[in-house]
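# Summary of the model geometry
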Amino acid sequence: MESNKYLDESLSFEERAAALVSEMTLEEKVYQTLHGSAEIKRLGVKAYNYWNEALHGVARAGVATVFPQAIGLAATFDDEFIGKVADCISTEGRAKFNMQQKYGDTDIYKGLTFWSPNVNIFRDPRWGRGHETYGEDPYLTSRLGVSFIKGLQGNDKKYMKAAACAKHFAVHSGPEDLRHSFDAKVSKKDLNETYLPAFKACVQEGKVEAVMGAYNRTNGEPCCGSKTLLKDTLRDKWGFKGHVTSDCWAIKDFHEHHMVTSTPVESVALAMNNGCDLNCGNMFVHLLQAVRDGLVEEETITQAVTRLFTTRMKLGLFETPEKVPYNTINYDVVDSKEHKALNIEAVKKSIVLLKNENGLLPLNKNKLKTVGVIGPNADNRKALIGNYEGTASEYITVLEGIREYLGEDVTIRYSEGCHLFKDKVQGLSRTNDRVAEVRAVADASDVIIACLGLDSGLEGEEGDEGNEFASGDKPNLKLPGLQEDILKVLYESGKPVILVLLSGSALAVTWADEHIPAIIQAWYPGAQGGRGIAQVLFGEYSPEGKLPVTFYRTTEELPKFTDYNMAGRTYRYMNQEALYPFGYGLSYTDFTLGGAGISQDTIAAGGNVACSVKLKNTGKMDGAETVQVYVKALDVEGAPNHQLKGIKKVFLKAGEEMEVQVILPAEAFALFDEEGKLVLNAGSYEVYIGTSQPDKRSIFLTGKQPGIFTVNCKETSVIES
């Protein structure tokens, strides 16, 4: 073959990649299937490390803008905004890459292949990694995942800005301590209705460049070597053209923990033969022996390496530098003033107002002399950032944000209150060693801001340094340690108390809901979190976030953590009343819905129904609201509760009105049957148009009824088999 044909820019990236790989020896190809791929000097191939992270900012490689954790971004319910955040992340990713290349740095976390987003479904609030996801709903996760991917990969007609990766494929959401040996058994119905839709959308709509397999087995097959998932579904059914990577060191689990193979050679053969192209880890060195033993054809490895180099070609890594527009992005953009402003906007848009009795919020600083800021998360940087984070040039905790906002005009009294999860702050002290200080601060304050919750040392990935619960999962949904005791002391002071929860998951704050007048959920709000929270508390911005997960009342009402059946899980299948429902969130201003309607009252395969409503800001503040459209099948046995099928975020000035339209395709009415077929069933459907779920609890909390409309389908048809 003609040497350097891969540099011919008249050829497609796939053709150029194939030409380059055809000049490699078997050994050279094998070493390109490792995440830290080797240099091949004779072919002009630089060393490249595929492992990089960008969950909520460029991670683990020095300074970058640290946005709110993914679950907080999900609470924006704003797919367009998620795209802006992802675009900002990939701009910084390119800037850092350009700088690193200049100085010859090709280490881990220094590439343009970002292993984000995490589009697993947060099916159980105990799962430690749930805060990496976009919540419990397949539709919301799909919309946000697609927007994140498009923002990350860019809109150039030829080159990708960065390569996104949808993970972890598939049926993965804990328990963390079992993930290396666990078999997630799931019905075809649940698989297709809950666990696969976001991945499908990421592939077919988002054109995601990579997909990462999960650690666990799904129905007996290890995900990183699953014929059902990687071949039959991802490539054959969905038409995926990019590359597949294993999760890190997942392939050795095949023989060490899953026990589906006996040797490393058998494990790498299973993975490679079923479509895993890249190994995060070093197991794929055994591919040399697998070829010698006749377990893997060299052509299979050639195909995998061609896919990997196609990605690198798309990123412009083999072009004349001036031809790639992203090569001009300068390091000055990293954590710049403009990016910090976007970050603060993200904080404010992600905050969910859960309770606001008698309009306690927003606070008026002109009427306050002393503010008490109390709690283990008030000045906790770790509670800002979540996991898979970068290093910000500046961190603003809640205490610092309030102090900066109030300046010299108002006195701030602070107490840690208690340890985040232990029964004392100082080791030699008695239990509850800060309670006297708490009482003193409360007595001296006009209003108290209690900052409680969790941090990434309590919930996260298995094995993360400092994780106090070992596996990373939560044992229950309670506030840990003495936090609720301290909250009760604050309540007994008789002063107005505002509870600010910083956590990556739902907490059963039932006592707080009954006694504390104002509660906000601030997630892990990122490096600028304190500034954004202060602006919301003091009325510079009206809360607009919605819960991407259900807040349950107790752990006891949940099915077993190891049960992947969706019955009884999430708002789509739960029978009990939530503490705070999925899709719920209050505002400082008020919105009314009028003139709701649908374009037609029948649906058939290939058709759609247009939903419209007039949304008006009838309050005194400018603000944003999310129109939410849900669909419920009335005549299908075992059908889910109403399901979210459309969202539209709208910003309105005080007094402004706008007509909002959401289109529901036939697929929004269809359900998966027991064989995994998508069927539009004959019968009646209810369509709900509102600003929350149509459940009783949401209606009680918001005081608003959605518009309800009936749509009929005359005959059953299979939309997708």
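Since the structure is predicted, the reported quantities are computational estimates derived from the model, not experimental observations.

## Some points on the state of the cysteines
Structurally, a disulfide amounts to a covalent bond that connects the sulfur atoms of two cysteines. With the rule as written, the count across this model stands at one disulfide. The partner cysteine of C248 in its disulfide is C280, sulfur to sulfur 2.1 Å. On the sign convention where negative means left-handed, the S-S torsion of about 85° between C248 and C280 marks this disulfide as right-handed. With C248 in the loop between β8 (243-245) and α9 (253-256) and C280 in the loop between α10 (264-273) and α11 (287-292), this pair connects stretches of sequence that are 32 residues apart. Across this residue pair, the class does not change: C248 and C280 are buried. You can see C451 has no disulfide; the closest cysteine sulfur is in C418, sitting 12 Å from it.

## Some remarks on the packing of helix α13 (residues 337-350) against helix α19 (residues 529-537)
A packed helix pair is summarised by two numbers, namely the angle formed by the two axes and the spacing between the axes. Viewed as axis vectors pointing N to C, α13 and α19 meet at an angle of 50°, and their least axial separation amounts to 8 Å. Here α13 is positioned oblique relative to α19, judged by the angle of their axes. Viewed along their axes, α13 and α19 form a crossing whose handedness is right-handed. Residues I344, V347 and K348 of α13 touch α19, and the partners they reach there are G529, R531, G532, I533, Q535 and V536. Grouping the constituent residues of the contact of α13 with α19 by class yields four nonpolar, three polar and two charged.

## So, the packing of aromatic side chains
Given two aromatic rings, one states the distance between the centres and the angle between the planes to describe the pair. According to the stated counting rule, one finds 20 aromatic pairs in the structure shown. A centroid spacing of 5.8 Å and a plane angle of 55° characterise the contact between F169 and W238, whose relative ring orientation is tilted. In this pair, F169 is assigned in strand β3 (residues 165-169) and W238 in the loop between α8 (227-237) and β8, connecting sequence segments 69 residues apart. Accessibility expressed as a relative area gives 0% for F169, which makes it buried. Note on W238: relative accessible area 7%, which makes it buried. Through a chain of ring-to-ring contacts, the aromatic side chains of W51, Y109, W115 and W249 assemble into a single cluster. One residue, K167, lies across the ring of Y388, its end atom 4.8 Å from the ring centre.

## Looking at the sheet that holds strand β10 (residues 370-374)
Taken in spatial order, the six strands of this open sheet run β9-β14-β13-β12-β10-β11, and their pairing is mixed. With one partner strand each, in any of the chains shown, β9 (352-356) and β11 (411-415) form the two edges of the open sheet. Pairs of neighbouring strands in the sheet enclose a mean axial angle of 15°, with direction left out of account. With four bridges connecting them, strand β13 (residues 497-502) and strand β14 (residues 518-521) associate as parallel partners. The residue of β14 that forms the bridge with I498 is A518. Contacting β12 (447-453), β13 and β14, α19 crosses the sheet at an angle of about 150° to β13.

## A word on helix α6 (residues 188-195)
In terms of burial, α6 is a largely internal element, seven of the eight residues being buried. Looking only at α6, the buried set comprises K189, D190, L191, N192, E193, T194 and Y195. Buried residues along α6 sit against α5 (138-153), α7 (197-204), α8, α20 (570-573) and β20 (671-672).

## Some remarks on unusual backbone geometry
The step from K167 to H168 runs through a cis peptide bond, and the omega angle for that step is -5°. Looking at the element boundaries, H168 is found in strand β3. Across the junction of F169 and A170, the peptide omega takes the value 0°, indicating a cis bond. Position of A170 relative to the elements: it lies in the loop between β3 and β4 (183-184). Phi at M259 is positive, roughly 60°, even though this residue is not glycine. When you line up the elements, M259 lands in the loop between α9 and α10. We classify M259 as exposed; its relative accessible area is 57%.

## A short note on the domain arrangement of the protein
If you check the domain split of the protein, you get domain 1 (337-538) and domain 2 (591-720). Taken over C-alpha atoms, the centre of domain 1 sits 35 Å from the centre of domain 2.

## Concerning the layout of surface pockets
Once rolled over the atoms, a probe with the size of a water molecule shows which space is left empty. Here the largest pocket defines a volume of roughly 820 Å³. Around the largest pocket sit 35 residues that line it, and Y139, R143, P197, K645 and E667 are the ones nearest its centre. Breaking the lining of the largest pocket down by element, the ones donating at least two residues are α5, α6, α7, α8, β18 (643-652), β19 (657-665), β20 and β24 (717-720). Per element, the largest residue contribution to the lining of the largest pocket is six residues, and it comes from β18. The residue inventory of the lining of the largest pocket, partitioned by class, reads 17 nonpolar, six polar and twelve charged.

Reading the values: rules and limits
Residues numbered from 1 in each chain as written. Predicted model: local features only at pLDDT ≥ 70, side-chain atom pairs only at ≥ 80, totals over all residues. Heavy atoms only, no water. Disulfide = S-S within 2.5 Å. Helix = DSSP H or I, 4+ residues; strand = E, 2+ residues; numbered from the N terminus. Buried < 20%, exposed > 50% of the residue type's maximum accessible area, 1.4 Å probe, protein only. Axes fitted to C-alpha atoms, helices over the stretch in contact; angles between N-to-C directions. Parallel < 35°, antiparallel > 145°, perpendicular 65-115°, else oblique. Left-handed = near helix turned anticlockwise from the far one by under 90°. Contact = heavy atoms within 4.5 Å. Nonpolar A, V, L, I, M, F, W, Y, C, P; charged D, E, K, R; others polar. Phe/Tyr/Trp six-rings, centres within 6.5 Å; stacked < 30°, edge-to-face > 60°. Lys NZ or Arg CZ within 6 Å of the ring centre and 35° of its normal. Pairing = 2+ DSSP bridges. Domains from an automatic or database assignment. 1 Å grid on protein atoms, 1.4 Å probe; cavity = no way out; pocket = protein on both sides within 12 Å on 5 of 7 lines; lining within 4 Å. Points joined across faces, edges and corners; volume = space filled by probe spheres on them.

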